[in-house]
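Working through the structure, step by step
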Amino acid sequence: MIRDCERHAGKGVLVTGGASGIGLGIVERFLGEGASVAVLDLASIDKPEAAGRFLSLVGDATDEATVDVAVAETAARFGGLDVMVCNAGVIAVGPVIDMPLSEWQRVVGINVDSVFLGSRAAARQMIAQGRGGAIINAASGAGRRGVPNLSHYCASKAAIIMLTQSLAVELAPHRIRANTYVPGHIETPFWGGIASGFARVTGKTPDEVIEGFRATVPWGRFGTPDDVAATVSWLASDEAEYVSGQAIAMNGAEFPY
Ligand SMILES: NC(=O)c1ccc[n+]([C@@H]2O[C@H](COP(=O)([O-])OP(=O)(O)OC[C@H]3O[C@@H](n4cnc5c(N)ncnc54)[C@H](O)[C@@H]3O)[C@@H](O)[C@H]2O)c1
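Keep in mind that what you see is a predicted model, and the values were worked out from it rather than measured.

Looking at the domain arrangement of the chain
Along its sequence, the chain is organised into domain 1 (12-186 + 224-244) and domain 2 (189-222). The gap between the C-alpha centroids of domain 1 and domain 2 is 25 Å. Residue-level contacts link 15 residues of domain 1 with 14 residues of domain 2. Summed over both sides, the interface between domain 1 and domain 2 buries roughly 1100 Å², with carbon and sulfur atoms accounting for 68% of that surface. When the buried surface of domain 1 facing domain 2 is broken down by residue, Ile91, Val93 and His185 rank first, second and third, together holding 55% of it. Connecting domain 1 to domain 2 are 1 salt bridge. With its nearest N and O atoms 2.9 Å apart, the salt bridge here joins Asp227 to Arg221. Among the residues forming the side of domain 1 that touches domain 2, the class breakdown is 8 nonpolar, 6 polar and 1 charged.

Quick look at the site of the ligand
In the vicinity of the ligand, 26 residues are found, and the nearest of them are Ser20, Ile22, Asp41, Tyr153 and Thr188. Here an oxygen atom of the ligand and a side-chain polar atom of Ser20 are 2.7 Å apart. Here a nitrogen atom of the ligand and a backbone polar atom of Leu42 are 3.5 Å apart. About the coverage of the ligand: the protein hides 91% of its 830 Å² of free accessible area. The set of elements that each furnish at least two residues to the shell around the ligand consists of helix H1 (21-32), helix H4 (151-171) and helix H5 (190-202). Here the shell around the ligand is built from residues that sort into 12 nonpolar, 11 polar and 3 charged. Counting contributing residues per domain, the shell around the ligand is built from domain 1 (12-186 + 224-244) and domain 2 (189-222), each supplying no fewer than three.

Conventions used here
Residues numbered from 1 in each chain as written. Predicted model: local features only at pLDDT ≥ 70, side-chain atom pairs only at ≥ 80, totals over all residues. Heavy atoms only, no water. Domains from an automatic or database assignment. Contact = heavy atoms within 4.5 Å. Buried area = accessible area lost by both parts, 1.4 Å probe. Salt bridge = Lys/Arg side-chain N within 4 Å of Asp/Glu carboxyl O. Nonpolar A, V, L, I, M, F, W, Y, C, P; charged D, E, K, R; others polar. Near = heavy atom within 4 Å. Polar contact = N/O pair within 3.5 Å; in protein donor to acceptor, adjacent residues only side chain to side chain. Areas by Shrake-Rupley, 256 points an atom, 1.4 Å probe, with all protein chains shown as cover. Helix = DSSP H or I, 4+ residues; strand = E, 2+ residues; numbered from the N terminus.

Take a look at the structure:
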């Protein structure tokens, strides 16, 4: 793992869904590169090695007041908010014809509302600070192509890409950049639900489901959270100063690129 330990020194970062998987990888990357990091997640985590530079906020990233308070607390504790990572998300598996409206609304609501609320709160804070910033949102390869049994998830991730492109244009005058990261298959606890869900609708075992997804990756393996975090860190850095409105994939050469 290559790290520039000073890259984000002095910056304040907030990561939603940072207690697990990709979000946790992003938290560890930013801490390792000098930033102060807050996490808003349903679960709490501890980072004793980063005392004074870490804050765990327990709450729901789809609740308006909770998100606004999390942004305010991060800025107050760390001298401002420079990077917002809207990473929290959920997935579920099932065919459209059997899908209750409530299940559609649950998946789309959590994924899209959390990005809208996090981006909005961060933009307001960054505009008030007057020193620009970076908003980086979690999309998915499933937001660029249809996947059977993932219609709600695909629709939610496509919406996040378009929301973020719109933010990039609206916020450019304030020198706030907005981009999405587009992971392929990344080994996290997320895959427990995917494997059991596809096992239910296909009759395969969860192991067969996982192997089937792995076999679609030309690079031959699932990605790691740090494969994603490395790009998120770069997107947040000054080196990416002219990069905004983009959706950048890390997927081992899997289609779509
Ligand atoms: N793992 C993959 O292969 C993959 C691929 C493409 C995109 N993604 C996206 O990356 C993001 C992270 O996925 P992951 O694999 O790390 O998942 P994960 O399940 O390991 O972690 C998700 C985290 O989000 C938190 N969370 C969920 N709902 C929340 C809410 N309402 N408020 C606050 N926190 C909430 C959970 O508590 C958990 O800590 C998601 O947006 C997901 O859609 C993942």
